Amino acid sequence: MATKETWAEQVIKQDEIDKYLINGKDFIDEQEILSHLEDNKNPDKQRIRDIMQKSLAIERLNPDEVAALLAVDDEDLLQEMYETALEVKRKVYDNRIVFFAPLYCSNLCVNSCLYCGFRKENTEEKRRILTMDEIREETRIMTREGHKRMIIVFGEHQRSNADYMVESIKAAYSVQEKSPKGPGVGNIRRINVNAAPMEISELKKLWEAGIGTYQVFQETYHKPTYKIVHPAGPKSNYQWRLYALHRAMEAGIDDVATGALFGVYDWKFEVMGLLYHAMDLERQFGIGPHTISFPRLTPASGSKLSTKSKYLVSDKDMKKIVAILRLSVPYTGLICTVREKPETHTALMTIGCTQTDASSNIGIGGYTDALKAKALAQAKGIKQIKNKQQFILNDTRSLDEMIREMAKLGMISSFCTAGYRCGRTGDKIMGLLKSCTEGKFCKLNAVLTFREFLDDYASDETREIGFPLIEKELAEIKEMPFYQKGKLHENFLKKYEQISNGERDIYI
Ligand code: SAM
Ligand code: SF4
């Protein structure tokens, strides 16, 4: 086996970068981004309103338009932007929020990212890689909460290579777990992957293992900052990372996800970087990213940068980021996470996010450890024992609590995984999203999976709020002309009846 060092040295395949460059250049031109920000720094109100009309027509904005939105500071206009962002979300995605949970498999890492507790120099971090039995146990615990969608996460290391990832994915998919209430047997139905950039042949292995989305965050699009915060390891190669999703597309993974780690550099520059990333994927493959994430830097063990960065983003700016992304790429899913404090997390979900995690644990073996710690604490009559995680999670509400909170706000929680299992991925799903059709299928699948959750996992308080919400959805669906086409409504009602009678994993 190669040593850790030689393995890390052969990760990057230069020809799998060069093939995507245009005249030897990548798609991030710092000067061009700065010029857009400078040229649009005083937009008038009418221009902003015109831009919002374009978003409402579900068209992607161009760099000048996004730069103009980034310059808005007027409170009334910002309020209009939040409201329009929500309207755009409703048009494309209806009132749904999709839930998932992360499974961290390994914190072995050859990189030195200054913001991350897993970086190789951090001696405070206890290194661990899960066995397949441990992965199945972690999955069982997540499934018992009601989760159906997982993001599986790995540090970059020869021991957590693509073959290990494939084995882990298969192990997680294999779990079938009786639900704590109701008649259901739960399982993970979609596994997305967050892992280091890989070469095309390795990415093909992930695709063949049946992954949903492949996710790589660029962290920062600003090249000089990227260099400083990634001083060593394969991740120090900016362009290898920048084209990770291009290679994934070429490997057949047509749902790809990008993101930036907000707080590492100026947030306005990062929003522009995300836009350029979406534009280049559109240009080279005809579709942009399936989702965009905007993790905010949170304190991590052994990382000064995570608390001392001069670019840390305020709650107010975080709201702007979500609204502007929603308006800029109206048909792209937006993911917020439990890194946010509960109030901000809820606020972001109600501006335009489409997905979030809940009841997450990001320690390696963290779900199992937390369960053991809880049992021990209960036995000793003490409060929760802390377990090691990559960084701090601020929203520790359970999935049931979060779903209840969303239901109170009139939002329906979804565990739908129908899209990719029915072949509605890549350009097919983008077409449906742009024409606001996919959201309509999702509304039906959201009701079906929400009903499953209420029957199999929800507390009495959540059921009390959830069932009236389902009745409201059923009434709306009955009235909407779209569902009267063909036998769609009739089919849906049949499936809803099957779910109510205890059948599971039924979708449209
Ligand atoms: N090793 C892979 C990589 O770097 O792409 C995947 C795993 S890494 C743990 C997943 C993500 O965690 C990173 O892309 C980064 O954005 C995020 N992350 C790392 N440190 C963080 C911190 N202190 N606060 C918030 N997010 C962080
Ligand atoms: Fe390793 Fe990823 Fe953490 Fe960087 S962010 S140290 S690559 S796990």
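Draft legend 1. Broad picture of the domain arrangement of the protein. Domain boundaries in the protein define domain 1 (4-25 + 95-408), domain 2 (31-80) and domain 3 (425-500). Relative to domain 2, the C-alpha centre of domain 1 lies at a distance of 29 Å. Taken together, the contact pairs 18 residues of domain 1 with 21 residues of domain 2. When domain 1 packs against domain 2, the two sides together hide about 1,800 Å² of surface, and 73% of this comes from carbon and sulfur. Where domain 1 packs against domain 2, one counts three salt bridges. Linking Glu282 and Arg60 is a salt bridge whose minimum nitrogen-to-oxygen distance equals 2.9 Å. Between the two partners, domain 1 and domain 2, sit eight residue pairs in polar contact (both at pLDDT 80 or more). Breaking the side of domain 1 that touches domain 2 down by element, the ones donating at least two residues are α13 (267-285) and α15 (315-328). Counting residues per element, the side of domain 1 that touches domain 2 draws most heavily on α13, which supplies ten residues.

Draft legend 2. Up close: the site of ligand 2. Around ligand 2, the surrounding shell consists of Cys109, Asn111, Cys113, Tyr115, Cys116, Phe118, Arg119, Gly155 and Lys235. In terms of residue class, the shell around ligand 2 is made up of five nonpolar, two polar and two charged.

Draft legend 3. Quick peek at the packing of helix α8 (residues 162-174) against helix α9 (residues 200-208). Look at α8 against α9: their axes get within 9 Å of each other, and the N-to-C directions meet at 5°. Taken as axis vectors, α8 and α9 run roughly parallel relative to one another. Across from Ala162, Asp163, Met165, Val166 and Ile169 in α8, the residues of α9 making contact are Glu202, Lys205 and Leu206. Among the residues making up the contact of α8 with α9, the classes are represented as five nonpolar, no polar and three charged.

Draft legend 4. Layout of the site of ligand 1. Among the 19 residues in the neighbourhood of ligand 1, the closest are listed as Tyr115, Glu219, Lys235, Arg241 and Thr298. At a separation of 3.1 Å, a nitrogen atom of ligand 1 approaches a polar backbone atom of Phe154. Measuring from an oxygen atom of ligand 1, one finds a side-chain N or O atom of Glu219 at 2.6 Å. When the free accessible area of ligand 1 is taken as 560 Å², the share hidden by the protein chains comes to 97%. The class makeup of the residues in the shell around ligand 1 is ten nonpolar, four polar and five charged.

Draft legend 5. Highlighting α15. Taking 1.5 Å of rise per residue, the 14 residues of α15 would be expected to cover 20 Å, and the 20 Å separating its terminal C-alpha atoms lies within 8% of that figure. Those residues of α15 not exposed but buried are Asp317, Met318, Lys320, Ile321, Val322, Ala323, Ile324, Leu325, Arg326, Leu327 and Ser328.

Draft legend 6. Representation of the packing of aromatic side chains within the structure. Counted according to the given criterion, the structure contains twelve aromatic pairs. Look at Phe154 and Tyr164: their rings are 6.0 Å apart centre to centre, the planes differ by 85°, and that puts the pair in the edge-to-face class. Note that Phe154 is positioned in strand β2 (residues 149-154) and Tyr164 in helix α8, a separation of ten residues in sequence. For the pair Phe154 and Tyr164, a shared accessibility class is recorded, and that class is buried. Plain terms: the ring middles of Phe482 and Tyr483 are 5.4 Å apart, the flat faces sit at 90° to each other, and that makes the pair edge-to-face. Judged by its relative accessible area of 1%, Tyr483 is buried.

Draft legend 7. Seen up close, the packing of helix α4 (residues 45-56) against helix α6 (residues 75-93). Orientation of α4 relative to α6, taken along the N-to-C sense of each, is 10°, at an axis distance of 10 Å. By the angle between their axes, α4 is roughly parallel relative to α6. Between α4, through Lys45, Ile48, Arg49, Met52, Ser55 and Leu56, and α6, the contact on the second element is made entirely by Leu77, Glu80, Met81, Thr84, Glu87, Val88 and Lys91. Its residues placed into classes, the contact of α4 with α6 shows six nonpolar, two polar and five charged.

Draft legend 8. A look at helix α17 (residues 366-380). Between its first and last C-alpha, α17 extends 20 Å over 15 residues, near the 21 Å set by a 1.5 Å rise per residue. Residues of α17 that are buried include every one of Gly366, Tyr367, Thr368, Ala373 and Ala377, and no others. Two residues or fewer past α17, Gly381 is found with a positive phi of approximately 70°.

Draft legend 9. Structural view of the pattern of salt bridges. Using the criterion set out here, one finds 36 salt bridges in the structure. Here Arg296 makes a salt bridge to Glu340, at a shortest N to O gap of 2.4 Å. Here Glu340 lies in the loop between β9 (333-336) and α16 (342-349) and Arg296 lies in the loop between β8 (291-293) and α14 (305-308), a separation of 44 residues in the sequence. In this pair, the class of Arg296 matches that of Glu340, namely buried.

Draft legend 10. Representation of the environment of Asn192 in the model. Relative to the helices and strands, Asn192 is located in strand β5 (residues 190-194). Residue Asn192 is classed as buried on the basis of its relative accessible area, which comes to 11%. Excluding residues that lie within four positions of it along the chain, Asn192 makes contacts with Arg149, Met150, Ile151, Ile152, Gly212 and Thr213.

Draft legend 11. Representation of the nonpolar core within the structure. In this structure, Leu206, Tyr214 and Phe294 are the most contacted members of the largest nonpolar core, which totals 159 residues. Per element, the largest residue contribution to this core is ten residues, and it comes from α13.

Conventions and cut-offs
Residues numbered from 1 in each chain as written. Chains lettered and ligands numbered in written order. Predicted model: local features only at pLDDT ≥ 70, side-chain atom pairs only at ≥ 80, totals over all residues. Heavy atoms only, no water. Domains from an automatic or database assignment. Contact = heavy atoms within 4.5 Å. Buried area = accessible area lost by both parts, 1.4 Å probe. Salt bridge = Lys/Arg side-chain N within 4 Å of Asp/Glu carboxyl O. Polar contact = N/O pair within 3.5 Å; in protein donor to acceptor, adjacent residues only side chain to side chain. Helix = DSSP H or I, 4+ residues; strand = E, 2+ residues; numbered from the N terminus. Near = heavy atom within 4 Å. Nonpolar A, V, L, I, M, F, W, Y, C, P; charged D, E, K, R; others polar. Axes fitted to C-alpha atoms, helices over the stretch in contact; angles between N-to-C directions. Parallel < 35°, antiparallel > 145°, perpendicular 65-115°, else oblique. Areas by Shrake-Rupley, 256 points an atom, 1.4 Å probe, with all protein chains shown as cover. Expected span 1.5 Å × (residues − 1). Buried < 20%, exposed > 50% of the residue type's maximum accessible area, 1.4 Å probe, protein only. Phe/Tyr/Trp six-rings, centres within 6.5 Å; stacked < 30°, edge-to-face > 60°. Core = buried A, V, L, I, M, F, W, Y, C linked by side-chain atoms within 4.5 Å.

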